[in-house]
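Observations on the model geometry
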Amino acid sequence: MPEVHATIAGFRAALDASRAAGADVGFVPTMGYLHEGHASLMRAAAAECAVAAASIFVNPLQFAASEDLSDYPRDLDRDLALADACGVAHVLVPSVEEMYPRPVLTTVTVADITARFEGAARPEHFAGVATVVSKLFSIVGPSRSYFGEKDFQQLAVVRRMAADLSMPIEVVGCPIVREADGLALSSRNVYLSPDQRAAAPVIHRALDAAAAAVAAGQRSAAAVEAIVADAIGAEPEAVLDYAALVDAATLEPAAAVDGEQRLLVAARFGTTRLLDNTAITT
Ligand code: AMP
């Protein structure tokens with residue numbers, strides 16, 4: 001089993017000792033309730049780095065008062081067994097008091113990239129993410145850190161933060177892991193009712209249809225976005241929040257299909273918001 005650290009000092013000391021012994025460190029931050037998506041990040045960290053580490057912390061700063069913080073799903077024993085199977089050597093499992101012993105006066109905000117999409121839907125969210133990730137990066141020290149493309153805007157925010165602040169971290173993006181029917185794995189999928197779960201793969205089908213239209217020559221961003229909106233609009237269990245074609249690096253909305261882009265989707269199934277996206281490259 002991995003060594004479990006309840007304290008920042010113990011986790012930091014273990015990783016400092018690894019580096020002092022010549023090992024490079026791979027790090028996977030998570031909120032727990034781990035699934036195969038998280039496992040893919042942990043396996044990549046263990047394959048590419050001598051020592052793999054992870055954190056499990058449901059970060060209150062990134063939840064609004066109205067959101068699902070208190071009933072966010074948790075299963076530490078199962079999480080540690082999965083981390084073990086993926087080759088993770090050290091796991092930080094801090095309490096909220098350990099991470100935030102005093103009211104937080106210092107926060108990290110990333111402008112612009114956070115203004116749209118998830119940032120518009122959840123105004124405090126990305127400041128909470130950037131603050132906890134910068135804190136974790138400062139605890140972990142020089143490392144490669146693994147994030148899923150599933151949360152594509154989060155990946156862009158973390159990349160930009162690490163670059164802007166010269167953090168000694170190489171941010172590595174990893175592909176989206178899906179269920180057999182195409183639904184992107186998410187800890188929040190457990191909130192779906194059976195009918196919502198049965199309907200949810202419409203998101204991936206909509207993205208596939210849009211990508212197929214691009215492959216067949218469609219070059220209008222509005223037309224590509226409309227394919228997604230129409231497919232999701234036709235599903236009674238789903239309400240579309242946004243479907244947007246954006247530049248993959250800046251997340252600027254695009255008018256035309258051109259270069260390295262990403263098609264981002266958020267849709268609600270009851271009270272559960274699901275995110276997905278796909279690469280659109282010409
Ligand atoms: P979370 O525990 O939801 O904060 O996610 C921790 C990390 O796992 C983030 O970098 C997510 O993007 C990543 N992740 C979550 N779901 C998936 C998935 N289906 N495929 C790949 N990575 C994922």
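Scroll up a little and you will see the structure.
Anyway, here's the lowdown on the structure attached to this text. Since the model is a prediction, treat every value here as computed from it, not as a measurement.

Summed over all chains, the structure comprises 16 salt bridges. Close ionic contact of Asp 151 with Lys 150 constitutes a salt bridge, the shortest N to O distance being 3.6 Å. The buried category is assigned to Lys 150, whose relative accessible area is 15%. Of the charged contacts in the structure, one is a salt bridge between Asp 276 and Arg 178, with a shortest N-O distance of 2.8 Å. Highlighted residues: Asp 276 in strand E9 (residues 272-281) and Arg 178 in the loop between strand E6 (169-174) and helix H8 (194-199), separated in sequence by 98 residues. Given a relative accessible area of 4%, Asp 276 falls into the buried group. Under the relative-accessibility criterion, Arg 178 is labelled partly exposed at 25%.

Burial analysis of strand E8 (residues 260-269) places 8 of its 10 residues in the buried class, which makes it a mostly covered element. Relative to E8, strand E7 (residues 238-247) is paired through 9 bridges, and the arrangement is antiparallel. Bridging across to E8, Asp 247 finds its partner in Gln 261. Where E8 folds back on E9, the antiparallel hairpin that results is connected by 2 residues, among which Gly 270 adopts a positive phi of roughly 60°.

Over its 13 residues, helix H7 (residues 152-164) extends 18 Å from the first C-alpha to the last, a length consistent with the 18 Å expected when each residue adds 1.5 Å. Where H7 is concerned, the buried positions are Phe 152, Gln 153, Leu 155, Ala 156, Val 157, Val 158, Met 161 and Ala 162. Phi turns positive one or two residues past the end of H7, at Ser 166, with a value near 50°.

So, about the site of the ligand. In the region of the ligand, 17 residues are neighbours, and His 38, Gly 148, Asp 151, Val 177 and Leu 185 sit closest. At 2.9 Å from an oxygen atom of the ligand is found a main-chain nitrogen or oxygen belonging to Met 31. Gly 148 places a main-chain nitrogen or oxygen 2.9 Å from an oxygen atom of the ligand. Contact with the protein chains removes 93% of the 490 Å² of surface that the ligand exposes when unbound. Listing elements by their share of the shell around the ligand, those giving two or more residues are strand E2 (25-30), helix H2 (36-48) and strand E5 (143-148). Take the shell around the ligand: its biggest share by element is 3 residues, from H2. For the shell around the ligand, the residue count by class is 9 nonpolar, 6 polar and 2 charged.

This part is about the packing of aromatic side chains. Summed over all chains, the structure comprises 5 aromatic pairs. Their ring planes at 80° and their centres at 6.2 Å tell us that Phe 137 and Phe 147 sit as a pair that is edge-to-face. Of this pair, Phe 137 sits in helix H6 (residues 125-140) while Phe 147 sits in strand E5, placing them 10 residues apart in sequence. Considered together, Phe 137 and Phe 147 belong to a single accessibility category, that of buried residues.

Now for the nonpolar core. Note that soluble globular proteins tend to have their nonpolar side chains buried in a common cluster. Counting 43 residues, the largest nonpolar core has Phe 11, Met 99, Val 133, Phe 137 and Met 161 as its most contacted members. Those elements that place two or more of their residues in this core are helix H1 (8-20), E2, strand E3 (51-56), H6, H7, E6, E7 and E8. The element contributing the most residues to this core is H6, with 9 residues. Summarising the domain contributions, this core has at least three residues from each of domain 1 (3-174) and domain 2 (187-277).

Take unusual backbone geometry next. Despite not being glycine, Tyr 33 has its phi angle at roughly 50°, a positive value. Mapped onto the elements, Tyr 33 comes out in the loop between E2 and H2. In this structure Tyr 33 comes out as partly exposed when scored by relative accessible area, which is 22%. We note that Leu 251 has phi near 60°; this positive angle belongs to a residue other than glycine. The topology assignment puts Leu 251 in the loop between E7 and E8. Looking at Leu 251, the relative accessible area reads 0%, which means it is buried.

Criteria and thresholds
- Residues numbered from 1 in each chain as written.
- Predicted model: local features only at pLDDT ≥ 70, side-chain atom pairs only at ≥ 80, totals over all residues.
- Heavy atoms only, no water.
- Salt bridge = Lys/Arg side-chain N within 4 Å of Asp/Glu carboxyl O.
- Buried < 20%, exposed > 50% of the residue type's maximum accessible area, 1.4 Å probe, protein only.
- Helix = DSSP H or I, 4+ residues; strand = E, 2+ residues; numbered from the N terminus.
- Pairing = 2+ DSSP bridges.
- Expected span 1.5 Å × (residues − 1).
- Near = heavy atom within 4 Å.
- Polar contact = N/O pair within 3.5 Å; in protein donor to acceptor, adjacent residues only side chain to side chain.
- Areas by Shrake-Rupley, 256 points an atom, 1.4 Å probe, with all protein chains shown as cover.
- Nonpolar A, V, L, I, M, F, W, Y, C, P; charged D, E, K, R; others polar.
- Phe/Tyr/Trp six-rings, centres within 6.5 Å; stacked < 30°, edge-to-face > 60°.
- Core = buried A, V, L, I, M, F, W, Y, C linked by side-chain atoms within 4.5 Å.
- Domains from an automatic or database assignment.

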